[in-house]
Amino acid sequence: MAPFSALILGGIFNVVFAVFHLLFWRLFDWKHDLALLRHINRQAMQILNICLTFTFLIFAYVSLFHTEELLTTGLGRGLVLAIAIFWFLRALEQVYFFGLRKLLSIAFFLVFLVGGALYAYPWYITSGI
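Residues numbered from 1 in each chain as written. Predicted model: local features only at pLDDT ≥ 70, side-chain atom pairs only at ≥ 80, totals over all residues. Heavy atoms only, no water.

Caption draft 1: The packing of helix α6 (residues 74–98) against helix α7 (residues 103–127), seen in detail. Closest axis-to-axis distance for the α6/α7 pair is 8 Å, and the angle between their directions is 160°. Taken together, the axes of α6 and α7 are roughly antiparallel relative to one another. Here the hand of the crossing between α6 and α7 comes out left-handed. Looking at side-chain class alone, the contact of α6 with α7 contains 18 nonpolar, six polar and two charged residues. (Axes fitted to C-alpha atoms, helices over the stretch in contact; angles between N-to-C directions. Helix = DSSP H or I, 4+ residues; strand = E, 2+ residues; numbered from the N terminus. Parallel < 35°, antiparallel > 145°, perpendicular 65-115°, else oblique. Left-handed = near helix turned anticlockwise from the far one by under 90°. Nonpolar A, V, L, I, M, F, W, Y, C, P; charged D, E, K, R; others polar.)

Below you can see the structure in the form of structure tokens.
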């Protein structure tokens, strides 16, 4: 796979996660479940989720519309590495917070590793290491 193609797939990957996070209110019945939290924690959860969704959209935008810059400039390669680390950290957090005892948790762990690989691969190919 070409580094360019990996970043395009990474952009799509991040759009999917942005949509997924926008569905959290419905998927996880946040109207009911978050009501059980103190006001500050309820609001913080929602703010963090909205900001994370925006972060995914930024990742997607630069991946889809600034692919060449990501592959050919120092700043671009640095951002690609940062996105790879983000997804690898998310994979580690999956293990720490949810464990790997259930199939869904294992599936998410693997998906997050794929997300990291979609960015680590082009970084490695273009970094000259």
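Caption draft 2: Inspection of the packing of aromatic side chains at higher detail. Throughout the structure, instances matching the rule amount to 19 aromatic pairs. For the pair phenylalanine 17 and tryptophan 87, a centre-to-centre distance of 5.1 Å together with 50° between the ring planes defines the contact as tilted. One end of the pair, phenylalanine 17, is in helix α1 (residues 3–22); the other, tryptophan 87, is in helix α6, and 70 residues separate them in sequence. There is no split in this pair, since phenylalanine 17 and tryptophan 87 are both buried. Geometrically, the ring pair formed by tyrosine 96 and phenylalanine 97 is edge-to-face, given 4.8 Å between the ring centres and 85° between the ring planes. (Phe/Tyr/Trp six-rings, centres within 6.5 Å; stacked < 30°, edge-to-face > 60°. Buried < 20%, exposed > 50% of the residue type's maximum accessible area, 1.4 Å probe, protein only.)

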